[in-house]
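# Observations on chain architecture
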Amino acid sequence: RRALMLAMAALAAAGITGVHDAGTSQQDLERFLAAENADELTLRIYAMADGDLELLQSLCQDTVHTDRVSARSVKLYADGALGSRGAALIADYSDDPGNRGLLLQPKARLTEQVTRAMGCGLQVNTHAIGDLGNRVVLDAYESGSIEHPANPGRHRIELAHVISPRDFPRCAELSLIASVQPT
């Protein structure tokens, strides 16, 4: 509770009135809602369930939407970061021959997670930085969208730093949000 109160004070001092919490646990969500019920929540929070954990199970049963807290999505992970050379690339890193980064899980497992979340009617937000990581996410979103065409969509690729030009049209076809996060 104290950490939440300090964070809200720091955000208010910077003029920030709303945040996306990418990786919310069930316990975090309960804290947010308790603060709102006590009239202590001073910002709006868009909470994304942290992967395939307890909160995702709960959101598959019932999403949350109050005046200040919305929980109707999940945050998944495809690859690592560029700085550590963990972002999954189609070709070798130019300064590290033989290294193409890594996918954090097999493509089939990510597709399974995406399809399950879409089947629950949730928005899917997946961390992908490298062009291979982004392509794997696009493939998973396409597969999930075919299986669950009634899902409202507006799924996001979080970061989307390196995308192959041939994949740009796929982002548009799938009505994806590239959440680039420049700050």
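Heads up: the structure comes first, above all this text.
Residues numbered from 1 in each chain as written. Predicted model: local features only at pLDDT ≥ 70, side-chain atom pairs only at ≥ 80, totals over all residues. Heavy atoms only, no water.

## Examining the state of the cysteines
In plain terms, the rule: In this description, the term disulfide denotes a pair of cysteine sulfurs within 2.5 Å. Each helix is a run of H or I in the DSSP string that is no shorter than four residues. Each strand is a run of E no shorter than two, and both are numbered from the N terminus.
For the structure on display, the rule yields one disulfide. Residue pairing for C60: its cysteine sulfur links by disulfide to C120, the two sulfurs lying 2.0 Å apart. As the torsion about the S-S bond is roughly 90°, the C60-C120 disulfide counts as right-handed. Pair noted here: C60 is in helix α3 (residues 54-61) and C120 is in the loop between α4 (107-119) and β5 (123-128), with a separation of 60 residues, a long-range link.

## Remarks on the pairing of β5
For the record, the criterion: Each residue gets one of three labels from its accessible area relative to the maximum for its type: buried under 20%, exposed over 50%, partly exposed in between, using a 1.4 Å probe on protein chains only. Paired strands, as defined in this entry, are two strands with at least two bridges between them according to DSSP.
With respect to burial, β5 is a largely interior element, six of its six residues being buried. The alternating pattern of β5 places Q123, N125 and H127 on one face and V124, T126 and A128 on the opposite face, and all of these are buried. The pairing of strand β4 (residues 69-77) with β5 spans five bridges and is parallel. Across the sheet, residue S73 finds its bridge partner in β5, namely Q123.

## What to know about the pattern of salt bridges
Which entries qualify depends on this criterion: What counts as a salt bridge is simple: a side-chain nitrogen of Lys or Arg found within 4 Å of a carboxyl oxygen of Asp or Glu.
This model, assessed by the stated rule, comprises 13 salt bridges. We note a salt bridge from R116 to D52, for which the minimum N-O separation is 2.5 Å. Of this pair, R116 sits in helix α4 while D52 sits in the loop between β2 (44-50) and α3; the two residues are 64 residues apart in sequence, bridging distant segments of the chain. R116 sits in the partly exposed class, given a relative accessible area of 29%. Among the residues examined, D52 registers a relative accessible area of 29% and is labelled partly exposed. One salt bridge in this structure joins E142 and R170, with 3.2 Å as the shortest N-O distance.

## So, the nonpolar core
Nonpolar side chains tend to gather and get buried jointly when the protein is soluble and globular. This is how it is decided: The criterion is simple. A nonpolar core is a set of buried Ala, Val, Leu, Ile, Met, Phe, Trp, Tyr and Cys residues joined through side-chain atoms within 4.5 Å. Contact definition: two residues touch when any of their heavy atoms are within 4.5 Å.
Ranked by size, the top nonpolar core spans 38 residues in total, and within it L110, V114, V124, Y141 and I157 carry the most contacts. Tallying contributions element by element places helix α5 (residues 131-147) first for this core, with five residues. The residues contacting I157, other than those within four sequence positions of it, are T126, A128, N134, V137, L138, Y141, L176, I177, A178 and S179.

## Describing helix α2 (residues 26-37)
Count 3.6 residues to each turn of an α-helix, and residues three or four apart come out pointing the same way. So the rule is basically this: The span one expects for a helix is its residue count, reduced by one, times 1.5 Å.
Taking 1.5 Å as the rise per residue, α2 with 12 residues should run 16 Å; its terminal C-alpha atoms sit 16 Å apart, in good agreement. Inspection of α2 places Q26, L29, F32, A35 and E36 among the buried residues, and these make up the whole buried set. Where α2 is buried, its residues meet α1 (2-13), β1 (18-24), β2, α3, β3 (64-65) and β4. With its phi angle positive at about 60°, D39 sits one or two positions after the end of α2.

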